[in-house]
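The residues making up each chain are set out below.
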Amino acid sequence: MTTPKNKAPVASWLDYDFFPEEQKAIKSFTVILRTVGCQWRKCTMCGYWHESADVTQADILTQLERGLRTSPEEDFILKIFTSGSFLDEREISRETRKEIARMVKKKEKIKKLIVETRPEFINDEKIGDLNIVEHLELAIGLETADDFIRSKYINKGFSFEDYKTAAEVVNESGATVKTYLLLKPPFISEKRAIEDVIKSAALVASYSSTISLNLCNVQKYTPLEDLWKKGYYRPPWLWSAVEAIKEIKRRNANVVVMSDPVGAGHIRGPHNCGRCDTEITDTIKNFNRTQDLSAVERLEGINCECREVWHALLKFDDFLFGSNV
Ligand code: SF4
Ligand SMILES: [Zn+2]
């Protein structure tokens, strides 16, 4: 059913992103389109599909046209996200995809287009439809290279092998891959969560032009929220994010590493003690644009007592959490 809500994007905003093709930060413009939403809907931490609605394909085009009205006048990166998979034709039909490509092509200032999708929807034909800008990037929410964690704790419904096959198709087409990794899925300890993203980054680096570290936050009406309410889950410490970003960037210097600290400093989001959260969040956001680790490394010198608490947590992690010691 067409309603006024269906004719406007869920949100759109302007930011800056590192643009690896020119090794500098440029404007990025994000448009979130409301579609029928992700058809999988089973990931334990995800409530994005609640933004879905019974929209028509014409609604989707209207949303994009409205969203693009406020796009930048100068060169920019365009991110068109749905709360699901852009390449799932139940959300965006082939005709709509092609029309979106035509709309994007008309905007000469768009240097790069980024869309998100699950790997099973990726094929040459769909990539071909979108290969109309200088740079096309497909973002895949792998979350972790560990099949056990992804299937048992996240319930993602695809394997690392599926991701690799899709990423190869993307890279062979000349487009690039952005891989999302999830810091601290449910049921794993803080220390193991850090180790998992560092290890995963090493395994996806050769497929990815960008690794985006998603710091897990507690979204409404999700299994993760139930765990959190019962006290079985704490979102990651921001110190863990700092540690992971540093190690991932140091070990994979050619890959763009970024992390959008959604909900940082709040109880449902990644947080520390409350006193040092803002400084750390700002430093991470700045790193996203510069890729210069020095400011992130200087965070170790912050005189905040919670760093000792976090250290102690990691130190005793195996005794407190594991069952084999
Ligand atoms: S994380 Fe992605 S695949 Fe999983 S339910 Fe959410 S939108 Fe769907
Ligand atoms: Zn602190």
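Residues numbered from 1 in each chain as written. Chains lettered and ligands numbered in written order. Predicted model: local features only at pLDDT ≥ 70, side-chain atom pairs only at ≥ 80, totals over all residues. Heavy atoms only, no water.

Re the coordination of the zinc ion (ligand 2)
The protein atoms that coordinate the zinc ion (ligand 2) are C273 (SG), C276 (SG), C304 (SG) and C306 (SG), at distances of 2.3 to 2.4 Å. Taken together, the four donor atoms coordinating the zinc ion (ligand 2) span angles of 99 to 120 degrees at the metal, a pattern that classifies the geometry as tetrahedral. For the zinc ion (ligand 2), all donor residues lie on one chain, and their spacing in sequence is C-x2-C-x27-C-x1-C. Remark: C306 occurs in helix α11 (residues 306–315) and C273 occurs in the loop between β8 (256–258) and α9 (277–290); sequence separation between them is 33 residues. (Donors = N, O, S within 2.8 Å, 3.2 Å for Na, K, Ca; no water. Tetrahedral: all angles 85-135°; square planar, octahedral: opposite > 155°, others 65-115°. Helix = DSSP H or I, 4+ residues; strand = E, 2+ residues; numbered from the N terminus.)

Some points on the nonpolar core
The nonpolar side chains of soluble globular proteins are, as a tendency, buried together. Counting 88 residues, the largest nonpolar core has L78, I80, Y163, L213, W239, I248 and I280 as its most contacted members. Mapped onto the domain boundaries, this core takes at least three residues apiece from domain 1 (1–133) and domain 2 (139–325). Not counting residues within four places of it along the chain, the set of residues in contact with I80 comprises V31, L33, L64, F86, I100, V104, L113, I114, V115 and E116. I26, I32, I77 and I114 belong to the second largest nonpolar core, which has eight residues in total. (Core = buried A, V, L, I, M, F, W, Y, C linked by side-chain atoms within 4.5 Å. Buried < 20%, exposed > 50% of the residue type's maximum accessible area, 1.4 Å probe, protein only. Domains from an automatic or database assignment. Contact = heavy atoms within 4.5 Å.)

A few points about the packing of aromatic side chains
Under the defined criterion, the tally for this structure stands at five aromatic pairs. Ring centres 5.7 Å apart and planes at 85 degrees place the aromatic pair F148 and Y153 in the edge-to-face group. Relative accessible area serves as the criterion here: at 45%, F148 is assigned to the partly exposed category. Grouped by ring-pair contacts, the aromatic residues F148, Y153 and F187 constitute a single cluster. A cation sits over an aromatic face here: K42 above W40, 4.5 Å from the ring centre. (Phe/Tyr/Trp six-rings, centres within 6.5 Å; stacked < 30°, edge-to-face > 60°. Lys NZ or Arg CZ within 6 Å of the ring centre and 35° of its normal.)

Points about the pattern of salt bridges
A side chain of one charge can pair with a side chain of the opposite charge if their charged atoms are brought near each other. By the definition in use, this model includes 27 salt bridges. The partner of R268 in a salt bridge is E225, with the nearest N and O atoms 2.7 Å apart. Of this pair, R268 sits in the loop between β8 and α9 while E225 is found in helix α7 (residues 223–229), placing the two residues 43 residues apart along the sequence. You can call R268 partly exposed: its relative accessible area is 23%. Since its relative accessible area comes to 5%, E225 is described here as buried. Linked through salt bridges whose partners overlap, the residues forming this network are E89, R94, R97, E125 and D129. (Salt bridge = Lys/Arg side-chain N within 4 Å of Asp/Glu carboxyl O.)

Some remarks on the site of ligand 1
Taken together, C38, R41, K42, C43, C46, R118 and K156 make up the full set of residues adjacent to ligand 1. With respect to the pocket detection grid, ligand 1 is positioned in the largest pocket. (Near = heavy atom within 4 Å. 1 Å grid on protein atoms, 1.4 Å probe; cavity = no way out; pocket = protein on both sides within 12 Å on 5 of 7 lines; lining within 4 Å. Sits in = over half its atoms within 2 Å of the grid points.)

Quick look at the domain arrangement of the protein chain
Each domain of the protein chain was delimited in the assignment, giving domain 1 (1–133) and domain 2 (139–325). Contacts between the two partners involve 28 residues from domain 1, matched on the other side by 35 residues from domain 2. Taking both sides of the interface into account, the surface hidden between domain 1 and domain 2 amounts to around 2400 Å²; carbon and sulfur atoms contribute 59%. Counting the surface domain 1 buries against domain 2, the share from its top three residues, F18, T44 and M45, is 29%. Our count for the contact surface shared by domain 1 and domain 2 stands at one salt bridge. As a salt-bridge pair, D15 and R289 come within 3.5 Å of each other at their nearest N and O atoms. In this structure, the connection of domain 1 to domain 2 is made through 12 residue pairs in polar contact (both at pLDDT 80 or more). Counting only elements with at least two residues in the side of domain 1 that touches domain 2, the list comes to β1 (11–19), β4 (110–116) and α3 (124–130). It is β1 that provides the largest number of residues to the side of domain 1 that touches domain 2, a total of four residues. Considered class by class, the residues forming the side of domain 1 that touches domain 2 number 15 nonpolar, six polar and seven charged. (Buried area = accessible area lost by both parts, 1.4 Å probe. Polar contact = N/O pair within 3.5 Å; in protein donor to acceptor, adjacent residues only side chain to side chain. Nonpolar A, V, L, I, M, F, W, Y, C, P; charged D, E, K, R; others polar.)

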